[in-house]
Amino acid sequence: MSSSHAAHPDRLLPAEPGTREIARRLLDHVEDLPIISPHGHLDPAMFTANEAFPNPTALLISPDHYLTRVLHSHGVPLDALGVGGHECDPLEAWWLFYKHWHLYAGTATGYWVEQEFEHVFGINPDRLGAGDRAESDALYAELQAILERPDFRPRALAEEFGLEVLATTDDPLDDLAHHKALAEDPTFSPRVLPTFRPDAYTKMYLPAFADNVTKLIDVAGGGKTGYAGYLEAMRTRRQYFIDHGATSSDHGTHTTNSQPLDDAEASALLEKGLRGEATRAEAEAFEANMTYRFAEMAQDDGLVMTIHPGVYRNHSASAFERYGADVGADIPFQMEFTRGLQPLLSDFGENKDFHFVMFTIDETVYSREVAPLAGYYPAAYVGAPWWFIDEIDAMNRFRSATTGTTGFSRYSGFIDDTRAYCSIPARHNTSRRVEAGYLARLVAEHRLTEDRASEIIVDLIDASPRRVFKL
Amino acid sequence: MSSSHAAHPDRLLPAEPGTREIARRLLDHVEDLPIISPHGHLDPAMFTANEAFPNPTALLISPDHYLTRVLHSHGVPLDALGVGGHECDPLEAWWLFYKHWHLYAGTATGYWVEQEFEHVFGINPDRLGAGDRAESDALYAELQAILERPDFRPRALAEEFGLEVLATTDDPLDDLAHHKALAEDPTFSPRVLPTFRPDAYTKMYLPAFADNVTKLIDVAGGGKTGYAGYLEAMRTRRQYFIDHGATSSDHGTHTTNSQPLDDAEASALLEKGLRGEATRAEAEAFEANMTYRFAEMAQDDGLVMTIHPGVYRNHSASAFERYGADVGADIPFQMEFTRGLQPLLSDFGENKDFHFVMFTIDETVYSREVAPLAGYYPAAYVGAPWWFIDEIDAMNRFRSATTGTTGFSRYSGFIDDTRAYCSIPARHNTSRRVEAGYLARLVAEHRLTEDRASEIIVDLIDASPRRVFKL
Amino acid sequence: MSSSHAAHPDRLLPAEPGTREIARRLLDHVEDLPIISPHGHLDPAMFTANEAFPNPTALLISPDHYLTRVLHSHGVPLDALGVGGHECDPLEAWWLFYKHWHLYAGTATGYWVEQEFEHVFGINPDRLGAGDRAESDALYAELQAILERPDFRPRALAEEFGLEVLATTDDPLDDLAHHKALAEDPTFSPRVLPTFRPDAYTKMYLPAFADNVTKLIDVAGGGKTGYAGYLEAMRTRRQYFIDHGATSSDHGTHTTNSQPLDDAEASALLEKGLRGEATRAEAEAFEANMTYRFAEMAQDDGLVMTIHPGVYRNHSASAFERYGADVGADIPFQMEFTRGLQPLLSDFGENKDFHFVMFTIDETVYSREVAPLAGYYPAAYVGAPWWFIDEIDAMNRFRSATTGTTGFSRYSGFIDDTRAYCSIPARHNTSRRVEAGYLARLVAEHRLTEDRASEIIVDLIDASPRRVFKL
């Protein structure tokens, strides 16, 4: 263990000494529990191939838009970092990261990288940015050597991390062969589960919509055509996912609108969408109908439904053209849940066997809408802070905004939602420290006994995700 | 006094020892002051009848949607709790509450119940949820015995609570006989005041609108018909309320819109509404006009006007059908005050004898709209945190969001807004502790002297509600 | 130095002793650095004339709508305070302020006035409000005597304050003679720079629009007419400002909308606007087009572009009629940045030599929109808290809401935005204390080393405004 602040046993805990002492004790109950990760974006092929990661840049920089967007905001071109499939000199990209390391001070990404260096690679993170190009190259070489070690293969790391469950996010037509292979492999203990994510088949405003849907109906429509075939294919593929271990479907909807359409109207809209003639408003109406229909299907097949609305995708047109999607140019916009979800929750929210998890990237809806909904409907759960708001202070604001209304039991459990494999332990550890700090404050303020807080923190970290995601 | 954390003298105060010490001293100035409750939902008949409360379930569970919604979110059916007039086995309902007590950890309701047990019933709240059915039944029996004691009749409790003023919320056609009887009773010292709440007569989208308005005009229209009779009846009934002690009118408007209509237009809309032909937009336009008109009437008759907008009522259609209104399925939605109230405040806001109190359940408007409005207009006051945001952390956010702009003098004073009689002392005590903690922080940060903070806390707790509500 | 809390060396620092000690050390690095003020509303003629301030009321009360609005909200008529050019008895106005001093407890204005008294005038602020009319008059006389001293002339104070850069806000047709005179005066060292503020020429809904634009085209259109002349005049005047030291343009837009129009459409709208026939929607479309066009011009001429949207100006019609604009009746409304700025940022945001600073008076956009935009686009910067949210707790919320996403390097630097000359040191000192307290917390929580925090605070206070405003 190095002398960096990332190595400090009290890192991220509240400063007030009395509160910190309580937090330490609470953390002890959960720090070493296994990792349950019910939502993320890793590729399951990583575990079937189980090859060494090619190099530090390909592992840590290029695929992580949390990290590359910081460099980009300082004028570093994304292609120099290997984003969007662009070839880059990995040593040069590493140097760009290394020399700009000071930019990450105070950021969520900065905290994660520090933890990752300290606790995964065993390297003092204070070396980042502290030297010249030669030292950058030396650090890269050191990391490279680590990556070539057998104990740094994906499977070995999974054991090392204590990964018990890891959900991926998958296309409805994916054959899930990797998931199947992993499930059948007695030498690999983590459960790697698929998640049904049908966005590419519900958003008529995406260029590939018609091709996607045509293929979906052909493959899985059971001989039916049009809207009937479309719904049938969705049901069929959901069942296929369930048969391969899936417990949830995920929906990156544009808004929360869940207004159903009657079949004739939906059918007509789908035809328009397939001909590329739907207006934006028609496309959003169809998407809203499908949000409702997926909830309806879940009444039968039992898949947990998670919703991630409110993101303006590919805000920078030139970046989208050069690098494609998911490069850090997705920007949140204002959300509302109360009216949008009324049709869905009014019809299905009273069913306690239906689990509906609401994620938001707009903090203002926590106390105003999400907690009041989850504090009433048996089906509704408060999703963990996500994306720009999964950093330390924001996680504290989340707790403070929701707990008074819902208590602790309507919480989804932490999700890491990551593409950065080696940051998983850091992310979960951060969340455990934030929970310990928050609960410690309630104990210090005589709002909760420490005994009760000890039970709650174990429930939050371990039982909540299992219960809510039906694991 | 028990050993529970609810009995701790420092409960709910800030953890930092220096700040806590200041907070203790500030709390000393106000902890025993009488309770002024200028807005709530108790039934005045409770005090004229002065009968023993029937049983713990009927007193503590069935009427309190704050409490029942938590159980409902965990799948407990509302009828098993006696909600909405459904018959229930009170011992069974008590057991449902008792065994789910852990769900209330960290909630506002949980804190209130603990205080209520500790300080009203003299029972250690840690007994809740700690045993089996036999212990639940025993606790119920113990409470039942307490409720049968003469010092637990409503009037005796009012004295015990130090209740000086209690406002109820009343229908414009209520005869206010109970208020009259109480005012004339020399043996009962608390002032129980009616509040004029005309919502059922302004919202055309409610089923009973036409019947209500027809009756209102018949009874109080002074022989006039249509819109003229409607306005006349409102003025007459306001005066009747004033004659029976009312100092304020309360308006649970859908939005803040206050755009006035000319008489011809309003008159035509009212006719459409009475025929059941008004669109939702027309109904909201008429409601907005009435918000303006009530402010206009207040220029003459001096009633304080309070506004409580932004709630989606009866969000769950099936719950509404089974249990009726006010069962916990009311969900906030996004509010805006600046544009909606511009007509009203621009015309009447410069009149310092007009008092207009803005409550919100959307926290985002505090720093953006409510504080800037109350910090400019002599008529405008910042309403206390209400409903989902009257818990400890939310009350602190409220102070922090408004004080920098308005100081302390534009504040309505705390309101408990409750149907849960025995929670009144707990709610007011919580508010006093939060104010003490907030002011203590300002003193500890050298932003305020302790002498000044001592004056301010007395003003906040005692003088503000008297001044703002003209008590 | 007096014994008031405004004199306390730890004022405004966090209460927790360990954190406070760190904060003190961090503050030491920046407390005496020069003041860089890249945005404000002082009159440059003040420095060319360099006359004594006429009296305490004219200096401290009448021009400061932060201060007069508090008195107004308590029913003090604005004319009695000399607002909007109304004549007042300055001693009487002073007494109105003096005797209502208690209203300022806990307000941003209160903290500034205290600091100003303690550190600029050397008078114990606890004397405010502590006596009768005679003591009020005596304090006034004491201040008057101070204002007559040669070391209280504007230039002497500028040196005393350590003012290195002060930007004013100026009309595009201003001849900038005062700026020129000051720049050429070797005896005056502060740089007083103009800022190009074209709002009066872009908002068709303002009564003077047609006159303003006609004059602009006549004077600076280079012989062109209509929209072509209008654009030419804007370019010409921007260059004139640059030649006189300007480094930025400022835009008090109604919303963030930046949708460009093609030339024919813009031209037709301009003609309608000049004839006074544009609808509100058309006027806002033209304003949006100009937001885009100013960004486009900045690609060529390099002016930093700052945007201050989201204020409902002159909310009280009667106050506007009696006192004119800028009297405290400007109220924020809900803002959105993501969609509104998409056209502008998508086209120009990838250019790191373009600097675009986003100010907001709606806090909800910090974590949701402003930080995500500034954390991606090389051109985009997070503007400092402004107006109602430049008080201590709000500044802490700002840091907490943005840092996790952007770190510290996308920050504009503090702006005081003031008309109250003598409050400048207090405002900047407050900001330095807040930064020290925030960074100290990160150090105490082992999120940052103290060495790194020391570098960051110097960068925030000194380097950021120079870098972002190209000073």
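The following paragraphs examine the structure supplied in this document.

Rules of the game
- Residues numbered from 1 in each chain as written.
- Chains lettered and ligands numbered in written order.
- Predicted model: local features only at pLDDT ≥ 70, side-chain atom pairs only at ≥ 80, totals over all residues.
- Heavy atoms only, no water.
- Helix = DSSP H or I, 4+ residues; strand = E, 2+ residues; numbered from the N terminus.
- Rg over C-alpha atoms; globule rule 2.2 N^0.38 Å.
- Buried < 20%, exposed > 50% of the residue type's maximum accessible area, 1.4 Å probe, protein only.
- Contact = heavy atoms within 4.5 Å.
- Areas by Shrake-Rupley, 256 points an atom, 1.4 Å probe, with all protein chains shown as cover.
- Lys, Arg positive; Asp, Glu negative; His and termini not counted.
- Charge placed at Lys NZ, Arg CZ, Asp CG, Glu CD.
- Pairing = 2+ DSSP bridges.
- Axes fitted to C-alpha atoms, helices over the stretch in contact; angles between N-to-C directions.
- Least-squares fit on C-alpha atoms with pLDDT ≥ 70 in both.
- Phe/Tyr/Trp six-rings, centres within 6.5 Å; stacked < 30°, edge-to-face > 60°.
- Lys NZ or Arg CZ within 6 Å of the ring centre and 35° of its normal.
- Salt bridge = Lys/Arg side-chain N within 4 Å of Asp/Glu carboxyl O.
- Buried area = accessible area lost by both parts, 1.4 Å probe.
- Polar contact = N/O pair within 3.5 Å; in protein donor to acceptor, adjacent residues only side chain to side chain.

1. Focus: the overall build of chain A
A tally of regular secondary structure across chain A gives 19 helices and 9 strands. Relative to a compact globule of 471 residues, whose C-alpha radius of gyration would be 23 Å, chain A shows 23 Å and is just as compact. Along the first, second and third principal axes, the C-alpha atoms of chain A reach 65 × 55 × 45 Å. Residues classed as buried in chain A amount to 64% of the 471 residues present. Contacts spanning at least 24 positions in sequence make up 77% of the contacts within chain A whose residues lie at least 6 apart. Taken as a whole, chain A presents about 15400 Å² of accessible surface, with 50% of it coming from carbon and sulfur. Counting 42 positive and 71 negative side-chain charges, chain A places the centres of these two groups 3 Å from one another.

2. Describing the sheet that holds strand 9 (residues 380-382) of chain B
All names here are of chain B. If you walk across this open sheet you meet the 4 strands as 4-5-8-9, and the pairing is parallel. Either end of the sheet is taken by a strand with one partner, and the two such strands are strand 4 (248-251) and strand 9. Recorded for the sheet is a direction-independent mean angle of 25° between the axes of neighbouring strands.

3. Details of the relation of the copies chain A and chain C
Here chain A sits on chain C after a turn of 120° about the axis and a move of 0.0 Å along it, with an RMSD of 0.0 Å. With respect to symmetry, the two chain copies, as superposed, fit the operation of a three-fold axis. When you check the interface residues of chain A against chain C, a mere 6% turn up at the interface there too, and the two sides of the contact use different surfaces.

4. Comments concerning the relation of the copies chain B and chain A
Turning chain B through 120° and shifting it by 0.0 Å along the axis lays it on chain A, with an RMSD of 0.0 Å. Little of the interface of chain B is mirrored in chain A, where only 6% of its interface residues again form contacts.

5. Section: the packing of aromatic side chains
In this structure the tally under the stated criterion is 84 aromatic pairs over all chains. The interplanar angle of 45° and the centroid separation of 5.8 Å between the aromatic rings of Phe398(B) and Tyr411(B) together place this pair among those described as tilted. Linking Phe398(B) in helix 17 (residues 392-406) with Tyr411(B) in the loop between helix 17 and helix 18 (424-444), this pair joins segments that are 13 residues apart in sequence. In this pair, the class of Phe398(B) matches that of Tyr411(B), namely buried. With a centroid separation of 5.4 Å and an interplanar angle of 25°, the aromatic rings of Trp101(C) and Tyr104(C) are classed as stacked. Of the two residues, Trp101(C) and Tyr104(C), both sit in the buried class. Taken together, the ring pairs in this structure connect Trp94(A), Phe97(A), Trp101(A), Tyr104(A), Phe117(A), Phe121(A), Tyr140(A) and Phe152(A) into an aromatic cluster. Seen from the ring of Tyr66(C), Arg427(C) lies directly overhead, with NZ or CZ sitting 4.8 Å from the centre. Looking at Arg427(C), its charged tip hangs above the ring of Trp112(C), at a distance of 3.8 Å from the centre.

6. A closer look at the pattern of salt bridges
Where side chains of opposite charge bring their charged atoms close, a pairing between them can arise. One pass over the full model with this rule turns up 114 salt bridges over all chains. One salt bridge in this structure joins Asp362(C) and Arg368(B), with 3.1 Å as the shortest N-O distance. Of the two residues, Asp362(C) is situated in the loop between strand 8 (356-358) and helix 16 (365-374) and Arg368(B) in helix 16 (residues 365-374); the pairing between them involves two chains. Like Asp362(C), the residue Arg368(B) is buried in the burial classification. When the shortest N-O distance is used, the salt bridge between Glu391(C) and Arg447(B) registers 4.0 Å. In this pair, Glu391(C) sits in the loop between strand 9 (380-382) and helix 17 (392-406) while Arg447(B) sits in the loop between helix 18 and helix 19 (450-468), so the two residues belong to two different chains. Take Glu391(C) and Arg447(B): they sit in the same class, and that class is buried. One network of salt bridges, with partners in common, ties together Glu391(A), Asp393(A), Arg441(C), Glu445(C) and Arg447(C).

7. What to know about the sheet that holds strand 5 (residues 304-307) of chain A
Residues and elements named next belong to chain A. On the basis of which strands lie adjacent, the open sheet formed by 4 strands has the order 4-5-8-9 and parallel pairing. If you trace the sheet from one side to the other, it starts and ends with strand 4 (248-251) and strand 9 (380-382), each paired once. On average, adjacent strands in this sheet sit at an angle of 25° to one another, irrespective of strand direction. Here strand 4 pairs with strand 5 via 4 bridges, running parallel. In the sheet register, His 251 faces strand 5, and the bridge partner there is Ile 307. Packing against the sheet, helix 16 (residues 365-374) makes contact with strand 8 (356-358) and strand 9, and its axis sits at approximately 130° to strand 9.

8. Brief notes about the interface of chain B and chain A
Opposite the 50 residues of chain B that make contact, chain A presents 43 residues. The largest share of the area that chain B buries against chain A comes from His315(B), Gln334(B) and Asp393(B), three residues that together contribute 16% of it. There are 4 salt bridges connecting chain B and chain A. For the pair chain B and chain A, the interface holds 26 residue pairs in polar contact (both at pLDDT 80 or more). Counting only elements with at least two residues in the side of chain B that touches chain A, the list comes to helix 1 (17-28), helix 4 (65-73), helix 6 (108-121), helix 14 (317-323), strand 7 (331-332) and helix 17 of chain B. The element contributing the most residues to the side of chain B that touches chain A is helix 4 of chain B, with 4 residues.

In short, geometric facts, not functional conclusions.
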